[in-house]
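Chain by chain, the residues:
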Amino acid sequence: MEGKIGMWPAFEWLGDSIKIIDQRYLPEKEEYIILKTHEEVAKAIENMAIRGAPAIGVVASYGIALGMLNLSLNDKLDDKFYEICKRLESTRPTARNLFWAIERLKKKFEESRKVPLDELKKILIKEACKIEKEDVELNRKISAYGSSLIEDGDRILTHCNAGALATSGIGTALGIIKKAFQDGKEISVFIDETRPFLQGARLSTWELLKEKIPVTLITDNMAGWLMNKGEIDLVIVGADRIASNGDIANKIGTYSLSILAKENKIPFYVAAPHSTIDLSIRNGKQIPIEERSPDEVLSILKGVESFTELKIRNPAFDVTPNKYITAIITDKGIIRAPYKNNLRKISPLFP
Ligand code: MRU
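Residues numbered from 1 in each chain as written. Predicted model: local features only at pLDDT ≥ 70, side-chain atom pairs only at ≥ 80, totals over all residues. Heavy atoms only, no water.

Trainee: Looking at this structure, I do not really get the sheet that holds strand β6 (residues 215–218). What am I missing?
Mentor: Each strand in a sheet pairs with another by means of backbone hydrogen bonds, the pair being arranged parallel or else antiparallel. Taken together, the 7 strands give an open sheet; going across it, the order is β6-β5-β4-β7-β10-β13-β14, and neighbouring strands pair in mixed fashion. Here the strands that pair on one side only, and so sit at the sheet edges, are β6 and β14 (333–335). On average, each strand axis in the sheet is tilted by 25 degrees relative to the strand beside it, whichever way the strands run. Sheet topology places strand β5 (residues 188–192) next to β6; 4 bridges connect them, and they run parallel. (Pairing = 2+ DSSP bridges. Helix = DSSP H or I, 4+ residues; strand = E, 2+ residues; numbered from the N terminus. Axes fitted to C-alpha atoms, helices over the stretch in contact; angles between N-to-C directions.)

Pasting the structure below:
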């Protein structure tokens, strides 16, 4: 799984299983696990061993392929196929890419339903591989478009992890940063810790340090002050779902950053492939927001678990209204307001 420049593969298809780097333990341990069944894939998505919108889409499509490879003689083909899809769809509700990838596998299944079973399995594996390959290319295009917005000397703030660990390629928001650095721009990066799962502190720092990109870690509540002091030139984040009006869901904390950026007259960019766009919903209010276990919030708070009457909330994402977004950087170009018209132009249901 040795990476190319800017790419540290989060997962690898092995023909009859998937190898993933377990992101729960980074950067302390680089531990790999092999997933052999669709149920193991579903659990790895739920428990965040693998995470990030594009990555969970691709891995779920391999999960479907694994489910079909493991069919037993008694299984009814249609029933089993849709049961596997349903299980994988139930893992995480917010990222559009998960449902988009599963819809592609369903389409292939329906088109190829009548071919011999061995052939059908090969067709599904091929489609999952195709989705992965395309994702690499989408990342490359997003990075090239986004890099054109970055200038020498820029100090960039990012949130969560929208890098190689969250995709099949170089990443989206982090892909842009890596590309600008590879192009010789002298940039530096501020990364929010991203409580409670610490994707920024644990994963984005890990990726950027591997690339030798200057990076400074801050806690989530420091961003406003640094913006106010003129220490941040632009913000780039990823997205889990983009509504047709350009509202976006991304990791919890993104909404606050967008308002802070507007208040401080700092450009706020969102980077995502077209597979993140959901034209079936009108605005961000319709995006399902995942609420995760309170244990994640408690994980770094020694002793607090003994407060038995303490209530804890853990929404994993929030919605940033389009009015705070300077532009959305996609694989089809840089999209600006009016988002409703401009997103529709670039967003076919399938590639
Ligand atoms: O809960 P996570 O870690 O899956 O959330 C990830 C994010 O919010 C990313 O910014 C988003 O998925 C884009 S990844 C290219």
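Text resumes after the structure shown.
Trainee: Looking at this structure, how should I read the site of the ligand?
Mentor: Residues in close proximity to the ligand total 18 residues, the closest being R51, R92, Q199, N250 and K251. Q199 is positioned with one of its side-chain polar atoms (N or O) 2.8 Å from an oxygen atom of the ligand. Isolated, the ligand exposes 420 Å² of accessible area, and the fraction of that covered by the protein chains is 99%. Counting atoms within 2 Å of the grid points, the majority share of the ligand lands in the largest cavity. (Near = heavy atom within 4 Å. Polar contact = N/O pair within 3.5 Å; in protein donor to acceptor, adjacent residues only side chain to side chain. Areas by Shrake-Rupley, 256 points an atom, 1.4 Å probe, with all protein chains shown as cover. 1 Å grid on protein atoms, 1.4 Å probe; cavity = no way out; pocket = protein on both sides within 12 Å on 5 of 7 lines; lining within 4 Å. Sits in = over half its atoms within 2 Å of the grid points.)

Trainee: I'm lost on the packing of helix α1 (residues 38–46) against helix α3 (residues 77–89) in this one. Help?
Mentor: Two numbers describe a pair of packed helices, the interaxial angle and the distance between the axes. The contact between α1 and α3 brings their axes to 9 Å, and the two run at 15 degrees. Taken together, α1 and α3 sit at an angle that is classed as roughly parallel. The crossing of α1 and α3 is right-handed. For the pair α1 and α3, the contacting residues are H38, E39, V41, A42, K43, I45 and E46 in the first and I84, R87 and L88 in the second. (Parallel < 35°, antiparallel > 145°, perpendicular 65-115°, else oblique. Left-handed = near helix turned anticlockwise from the far one by under 90°. Contact = heavy atoms within 4.5 Å.)

Trainee: Even after reading the chapter, I still don't get empty space enclosed by the protein, so can you show me in this structure?
Mentor: Over the atoms a probe the size of a water molecule is rolled, and this reveals where empty space is left. Summed over all chains, the structure comprises 3 cavities of 30 Å³ or more. Of the pockets and cavities examined, the largest cavity occupies roughly 210 Å³. Lining the largest cavity are 24 residues, with G52, A53, N161, D240 and N250 sitting closest to its centre. Mapped by element, the contributors of at least two residues to the lining of the largest cavity are α2 (53–69) and β9 (248–251). Here the residues of the lining of the largest cavity sort into 11 nonpolar, 9 polar and 4 charged. In this structure, the second largest cavity occupies an estimated 60 Å³ of space. Lining the second largest cavity are P54, G57, V58, N97, W100, A101, I131, D135, L138 and S275. Here the lining of the second largest cavity is composed, by residue class, of 6 nonpolar, 3 polar and 1 charged. (Points joined across faces, edges and corners; volume = space filled by probe spheres on them. Nonpolar A, V, L, I, M, F, W, Y, C, P; charged D, E, K, R; others polar.)

Trainee: Help me out: how do you make sense of the sheet that holds strand β11 (residues 277–278) in this one?
Mentor: Taken in spatial order, the 4 strands make up an open sheet running β11-β8-β9-β12, and their pairing is mixed. A strand with exactly one partner marks an edge of an open sheet, and here the two such strands are β11 and β12 (317–320). Both strand β8 (residues 241–243) and β9 contribute to a ladder of 2 bridges, which runs antiparallel. Considered in β9, the bridge of R241 is made with A249.

Trainee: Can you help me understand the packing of α2 against helix α4 (residues 96–112) in this one?
Mentor: Close contact between α2 and α4 brings their axes to 7 Å; oriented N to C, the two are set at 35 degrees. When the axes of α2 and α4 are compared, the crossing they make is right-handed. Contacts between α2 and α4 pair A53, P54, I56, G57, A60, S61, I64 and M68 from the former with N97, L98, A101, I102, L105 and F109 from the latter. Among the residues forming the contact of α2 with α4, the class breakdown is 11 nonpolar, 3 polar and no charged.

Trainee: How should I be thinking about the state of the cysteines in this particular structure?
Mentor: Cysteine pairs can be linked by a disulfide, which is a covalent bond between their two sulfur atoms. Under the counting rule described, the total for this entry stands at 0 disulfides. As a non-bridged cysteine, C129 has C85 as the owner of its nearest cysteine sulfur, 17 Å distant. For C129, a relative accessible area of 25% corresponds to the partly exposed category. (Disulfide = S-S within 2.5 Å. Buried < 20%, exposed > 50% of the residue type's maximum accessible area, 1.4 Å probe, protein only.)

Trainee: Help me out: how do you make sense of the packing of aromatic side chains in this one?
Mentor: The geometry of an aromatic ring pair is captured by the separation of the ring centres together with the interplanar angle, meaning the angle of the planes. Following the criterion strictly, the structure yields 4 aromatic pairs and no others. Aromatic pair F81 and Y82: ring centres 5.2 Å apart, planes at 85 degrees, arrangement edge-to-face. On the accessibility criterion, F81 (0% relative accessible area) is buried. Given a relative accessible area of 31%, Y82 falls into the partly exposed group. A connected cluster of aromatic rings, assembled from ring pairs, spans F81, Y82 and F109. Sitting over the ring of Y32, K19 keeps its end group 5.1 Å from the ring centre. The cationic tip of K29 hangs over the ring face of Y25; the distance from NZ or CZ to the ring centre is 4.8 Å. (Phe/Tyr/Trp six-rings, centres within 6.5 Å; stacked < 30°, edge-to-face > 60°. Lys NZ or Arg CZ within 6 Å of the ring centre and 35° of its normal.)

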